[in-house]
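Geometric and topological summary
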Amino acid sequence: MFLKMINIKEEGVIKNQITLEKVVDDLLMVEIKIDINKNKDYYNYWRLTKTVGIPPLEIGIDEGGSIQSIVFYINETHFNEIKYMELRNEHGLLQVDTTIFKKKNDFIDIDGEYYIFFNGKELICFFEKEFTPDVCYVINRIKVYMKDDELIGFSIIDLSENNFSLLRSI
């Protein structure tokens, strides 16, 4: 069960915060704050829990259905080599269906995995074995990939040399 898109909001200037932090020698935590001007600590969470040996990927969604935070972990076994057709970039803040959450500050655990690959200076995280998005929405340095109105992945664009150095260290 992927997150279902219900709307795209036209937003003003949104600035992301992206943090890469080495947790242990062979594990890197990536934390993304979609809009640094939103300062809420508690969200509803959609989590992928099947990846063995590391904490789950978590996507935090506010009450309005906007994705506000993403946290995931990378170790040396996560990297994949795939080819995909690059899409035309759309712009806007994705809103997802929140009726899957039964109460405030709820979480949904999905027994699924996620995969990582590089495309130039872009780090892409996706949730299906076949990465075949049909649309991509850009929010500052974050791209959100959709297929049939369902979230199937996201990426961080314009990685810095420091980011690459940290990623190569695991």
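Our structure is the block above this text.
Analysis parameters
Residues numbered from 1 in each chain as written. Predicted model: local features only at pLDDT ≥ 70, side-chain atom pairs only at ≥ 80, totals over all residues. Heavy atoms only, no water. Buried < 20%, exposed > 50% of the residue type's maximum accessible area, 1.4 Å probe, protein only. Helix = DSSP H or I, 4+ residues; strand = E, 2+ residues; numbered from the N terminus. Pairing = 2+ DSSP bridges. Axes fitted to C-alpha atoms, helices over the stretch in contact; angles between N-to-C directions. Contact = heavy atoms within 4.5 Å. Lys, Arg positive; Asp, Glu negative; His and termini not counted. Salt bridge = Lys/Arg side-chain N within 4 Å of Asp/Glu carboxyl O. Polar contact = N/O pair within 3.5 Å; in protein donor to acceptor, adjacent residues only side chain to side chain. 1 Å grid on protein atoms, 1.4 Å probe; cavity = no way out; pocket = protein on both sides within 12 Å on 5 of 7 lines; lining within 4 Å. Points joined across faces, edges and corners; volume = space filled by probe spheres on them. Nonpolar A, V, L, I, M, F, W, Y, C, P; charged D, E, K, R; others polar.

The next subject is the pairing of strand 5 (residues 57-61). By the criterion of burial, strand 5 is predominantly enclosed, with 4 of the 5 residues buried. Two elements, strand 4 (residues 44-48) and strand 5, share 5 bridges in a ladder whose sense is antiparallel. Bridge assignment links R47 to a residue of strand 5, and that residue is E58. Bridge count for strand 5 against strand 6 (residues 67-74) is 4 bridges, and the pairing is antiparallel. Looking at strand 6, one finds that I61 is bridged to I67. Counting the residues in the hairpin turn of strand 5 and strand 6 gives 5 residues, including G65, whose phi is positive at 95 degrees.

On the basis of which strands lie adjacent, the open sheet formed by 6 strands has the order 7-12-13-14-11-10 and mixed pairing. Among the strands making up the open sheet, the edge pair consists of strand 7 (89-91) and strand 10 (115-119). Averaged over all pairs of adjacent strands, the angle between strand axes in this sheet comes to 30 degrees, irrespective of strand direction. Sheet topology note: the strand 11 (residues 122-126)/strand 14 (residues 150-156) ladder contains 4 bridges and is antiparallel. Counted as the bridge partner of F126 is G153 from strand 14.

Tracing the backbone through its elements, the reader meets D111 in the loop between strand 9 (107-110) and strand 10. Classification of D111 by relative accessible area gives exposed; the value is 60%. Taking the C-alpha atoms as reference points, D111 and M1, 110 residues apart in sequence, are found 9.4 Å from one another. Apart from residues no more than four positions distant in its own chain, D111 is found in contact with T49 and K50.

Looking at the element boundaries, D62 is found in the loop between strand 5 and strand 6. In this structure D62 is buried but unpaired, with K38 as the nearest side chain of opposite charge at 4.3 Å. Here the side chain of D62 touches Q68 through a polar contact of 3.4 Å, side chain to side chain. When neighbours within four sequence positions are excluded, D62 is seen to be in contact with K38, Y43, Q68 and T98.

The phi angle at D148 is positive, at roughly 55 degrees, despite the residue not being glycine. Within the secondary structure, D148 is located in the loop between strand 13 (142-147) and strand 14. Its identity is not glycine, yet D149 carries a phi of approximately 65 degrees, on the positive side. With respect to the element layout, D149 can be found in the loop between strand 13 and strand 14. The class of D149 is partly exposed, set by a relative accessible area of 37%.

Taken as a whole, the largest pocket spans an internal volume of roughly 170 Å³. In terms of lining, the largest pocket is formed by Q17, T19, E31, I32, K33, K40, D41, Y43, Y45, S69 and V71. Those elements that place two or more of their residues in the lining of the largest pocket are strand 2 (17-24), strand 3 (27-33) and strand 6. No other element matches strand 3, which puts 3 residues into the lining of the largest pocket. In terms of residue class, the lining of the largest pocket is built from 4 nonpolar, 3 polar and 4 charged.

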